[in-house]
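# An overview of the molecular structure
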Amino acid sequence: MQINNLTKYHAGQLIFAQISAVINKGEHIGLVGANGTGKTTLLRILSGEDLQDEGELVKPQNYHIGYLKQMLPRTELSLAEYLTEAFADLLAVQDQMHRLEQELASPEIYQDPELLEAKMDQYAKIQQQWEDQGGYTYQARIHSTVLGLGLTLDDLPKPLQALSGGQRVRAQLARLLLEEPDLLLLDEPSNHLDLDALEWLEGFLQGYPNAVIIASHDRYFLDRFANRIWEMADQQMYQYKGGFSAYLAKRQERIAQTRHQAEKQQEEIAKIEAFIRKFGAGTRASQAKSLAKRLAKLEPVAVSSEPESMKFKFQPWRQTGVKVVEFSEIYKKYDQIVLNHVSGKIRRGDRIALLGANGSGKSTLLKILAGRLDYQGTIEWGANVDLGYFDQELEFEHNQTVLDELYLTFDLDYGQLRNILAQFLFKGDQVFQPVQVLSGGERNRLLLAKLFLAAPNFLVLDEPTNHLDIYAREALESALSEFSGTMLFVTHDRYLVDLLATKIWILEDGKITEFAGNYSQYREHLKTQQQQKPKAEKPKSKPQAQVSKRKLAQEQERIEAEIFRCEQEKAELEAKMAQPEFYQDPEQIRQINLEYHKLTAELEDYYQQWEALIDAIQIKDDG
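These remarks concern the structure in this document.

Cut-off values and rules
- Residues numbered from 1 in each chain as written.
- Predicted model: local features only at pLDDT ≥ 70, side-chain atom pairs only at ≥ 80, totals over all residues.
- Heavy atoms only, no water.
- Helix = DSSP H or I, 4+ residues; strand = E, 2+ residues; numbered from the N terminus.
- Rg over C-alpha atoms; globule rule 2.2 N^0.38 Å.
- Buried < 20%, exposed > 50% of the residue type's maximum accessible area, 1.4 Å probe, protein only.
- Contact = heavy atoms within 4.5 Å.
- Areas by Shrake-Rupley, 256 points an atom, 1.4 Å probe, with all protein chains shown as cover.
- Lys, Arg positive; Asp, Glu negative; His and termini not counted.
- Charge placed at Lys NZ, Arg CZ, Asp CG, Glu CD.
- Patch = residues over 30% accessible without salt bridge, like charges linked within 9 Å, V, L, I, M, F, W, Y side chains within 5 Å.
- Salt bridge = Lys/Arg side-chain N within 4 Å of Asp/Glu carboxyl O.
- Phe/Tyr/Trp six-rings, centres within 6.5 Å; stacked < 30°, edge-to-face > 60°.
- Pairing = 2+ DSSP bridges.
- Axes fitted to C-alpha atoms, helices over the stretch in contact; angles between N-to-C directions.
- Core = buried A, V, L, I, M, F, W, Y, C linked by side-chain atoms within 4.5 Å.
- 1 Å grid on protein atoms, 1.4 Å probe; cavity = no way out; pocket = protein on both sides within 12 Å on 5 of 7 lines; lining within 4 Å.
- Points joined across faces, edges and corners; volume = space filled by probe spheres on them.
- Nonpolar A, V, L, I, M, F, W, Y, C, P; charged D, E, K, R; others polar.

### Notes on the overall build of the protein chain
- Looking only at helices and strands, the protein chain has 20 helices and 18 strands in total.
- Relative to a compact globule of 623 residues, whose C-alpha radius of gyration would be 25 Å, the protein chain shows 32 Å and is clearly more extended.
- Projected onto the principal axes, the alpha-carbon positions of the protein chain cover approximately 110 × 85 × 45 Å.
- Counting the 623 residues in the protein chain, one finds 45% classified as buried.
- In the protein chain, of all internal contacts separated by at least 6 residues, the share reaching a separation of at least 24 is 69%.
- Carbon and sulfur atoms make up 48% of the accessible area of the protein chain, which amounts to about 31700 Å² in all.
- Of the side chains in the protein chain, 71 bear a positive and 92 a negative charge, and the two mean positions are spaced by 9 Å.

Shown next, in the form of structure tokens:
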């Protein structure tokens, strides 16, 4: 696909101009840049959701583009039906097979040898097409994708509208991955995925044969996924080979080079202007005039401006005692048990990352500690604990302007508050915006400003980097790195966990498991544990898992034997149907034909059972 000179305005303001690029098959492109530079706009234009003001897109015929839309699908379909629609072409082939099977069972066909042979040839070709297009594996692909993205097989029969917003976004993503478009466009997919699902997506995309463009601020993800980076900045698009780390180095080289070119240009301009001043009215006036024309036509070298970033530090106004908080037997139930008698201790200086699957209870535990949910169990606080809670879903207290939100909360001088808001990139008339119209990133910056003014010594943070661009994330990371207090935080930003965490709490099945170290160390620990598991596992803990896995293996062997039997019987019937004398006995034609179709259906069923067993065994291995 070619992008030729794309230009886009919004409300009369230029978003980007004269963007050109080529998207090759298999390229995995990370789209980066500060918020507001046009990343989502570009994706919408590429997908056909929006139109450019100038330029063109050139793509091959029947080029399929898949785009993860923000609007959730409105449909009465179940999740299984919605995902199965990704295989519409394959199911059309299946319908052809079924129609031919019905025709082959009719006397008009099996009593006419020539017509029967023609229909059998047609059926064989369509059956081969069904097999080549993955007819025996598509159900297994659906199951694998559903499980990989953090949904469950129990979700498959549920109506889409019964799923949560996050589940429906993951359902859309699953549908796109199953469709395998020629160009896959994703806008911040990590906002909707837990860490396990994000790692699964990374692995999936690393083997994805077609082109992918993902707008993301997740540096860890970009380094593992991208082989090219497109940066939106200064109303242009800069292109780099390699992942995110390589991009950072090359970006600095480009900026340094353009600055050097700009300096050389300014030196040249100064020399020309000096010449014009000295000789403009003298004997060399014609030369001076010529240089003045040249100067007027000279285009200044554009120097990339560094995006504005927040500048602040969290400074607690006092220190806690050694014990910050101890909680014991915390129990919380909604429709299901979320926290099942959870206990934990937090000491001064701890920096704990709370990890777990979506729905495991991470946010619930943080809300309980922040005093925003009732619970069963006990919580004992240490001395002088000032808790600061961040949750992107928090409602503002006063629901007025940005400036009033701080003034009515902290009762400080307006001038002082405006200076503080400027540190969080609210400048000029921006401080008079109603809080209801703020974007996700702006909301988070205002919540961080309130946290800054509160000066807590115990930070409890729920997804603090969501909706923040890379530059805002770096500013927040710097502030948190220098924070002298205690921290408990939930995030899917693995870069942040690696940078900050001294401990990891894994919340699973309502229980906490503690690991000393950061995310990379934790992943390495899991890998080592998995490699050593057969040797290190205690005999008493083996039987149940072994029995379950043994039964699965036995069932797999049984089904493989049935598949082999069906294949042999099918081959024998095909050999009979290939004999000329076969067509001389109409009754034999009818009976063998019925037997053949029965075997074909039986074989298809066994293949589906086999794929489901392979998935189940894989889950046991992973567990």
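### Re helix H6 (residues 138-148)
- Restricting attention to buried positions, one finds in H6 the residues Tyr138, Ala140, Ile142, His143, Thr145, Val146 and Gly148.
- Just past H6, the residue glycine 150 takes up positive phi, approximately 90°.

### Focus: the side chain of glutamate 405
- For glutamate 405, the position within the fold is in helix H13 (residues 402-410).
- When neighbours within four sequence positions are excluded, glutamate 405 is seen to be in contact with Phe396, Glu397, His398, Asn399, Val435, Leu446 and Lys450.

### Describing a negative patch on the surface
- Taken together, Asp112, Glu114, Glu117 and Asp121 make up a surface patch of like negative charges.
- With respect to the helices and strands, glutamate 114 occurs in helix H5 (residues 113-132).
- Here glutamate 114 falls in the exposed class, since its relative accessible area comes to 66%.

### Describing the packing of aromatic side chains
- Tallied over the full model, the rule gives 18 aromatic pairs.
- Centre to centre, the rings of phenylalanine 87 and tyrosine 138 are 5.3 Å apart; their planes meet at 55°, and the pair counts as tilted. With phenylalanine 87 in the loop between helix H2 (79-84) and helix H3 (88-104) and tyrosine 138 in helix H6, this residue pair connects regions lying 51 residues apart in the sequence. The same class applies to phenylalanine 87 as to tyrosine 138, namely buried.
- Aromatic pair phenylalanine 312 and phenylalanine 314: ring centres 5.2 Å apart, planes at 80°, arrangement edge-to-face. By the burial criterion, phenylalanine 312 is buried, and phenylalanine 314 matches it.

### A few points about the sheet that holds strand S1 (residues 2-10)
- Read across the sheet, three strands follow the order S2-S1-S4 without closing on themselves; strand pairing throughout is antiparallel. Two strands lie at the open edges of the sheet, namely strand S2 (13-22) and strand S4 (54-58), each paired on one side alone. Neighbour-to-neighbour, the strand axes of this sheet turn through a mean angle of 25°, independent of strand direction.
- Direction of pairing for S1 relative to S4: antiparallel, over a ladder of four bridges. Pairing of threonine 7 across the sheet is with glutamate 54, part of S4.
- Packed on one face of the sheet, helix H1 (residues 39-47) meets S1, S2 and S4 and runs near 125° to S1.

### Thoughts on the nonpolar core
- Residues Phe314, Phe424, Leu446, Leu480, Leu488 and Phe489 are the most contacted members of the largest nonpolar core, which totals 71 residues.
- The leading source of residues in this core is helix H15 (residues 440-454), at seven residues.
- When neighbours within four sequence positions are excluded, leucine 446 is seen to be in contact with Phe396, Val402, Glu405, Leu406, Leu421, Phe426, Val435 and Leu438.

### What about the layout of surface pockets?
- The space that makes up the second largest pocket amounts to roughly 1200 Å³.
- In this structure, the second largest pocket is lined by 40 residues; those nearest its centre are Ala34, Asn35, Gly36, Thr37 and Asp469.
- Put simply, the parts of the chain that give the lining of the second largest pocket at least two residues each are S2, H1, strand S8 (228-233), H15 and helix H16 (470-481).
- Among the elements that take part in the lining of the second largest pocket, H15 stands out by supplying four residues, more than any other.
- Considering only residue class, the lining of the second largest pocket consists of eleven nonpolar, 20 polar and nine charged.

### Comments concerning the pairing of strand S9 (residues 236-241)
- By the bridge criterion, six bridges tie S8 to S9 in an arrangement that is antiparallel. When the sheet's bridge partners are listed, methionine 232 is paired in S9 with methionine 237.
- Hairpin connection from S8 to S9: two residues lie between these consecutive antiparallel strands, with aspartate 234 at a positive phi of about 55°.

### Side note on the environment of alanine 21
- Locating alanine 21 in the fold gives a position in strand S2.
- Considering only alpha carbons, one finds alanine 21 and glutamine 239, 218 residues apart in sequence, at a separation of 8.4 Å.
- Among residues more than four places away in sequence, those in contact with alanine 21 are Met1, Gln2, Ile3, Trp230, Met237 and Gln239.

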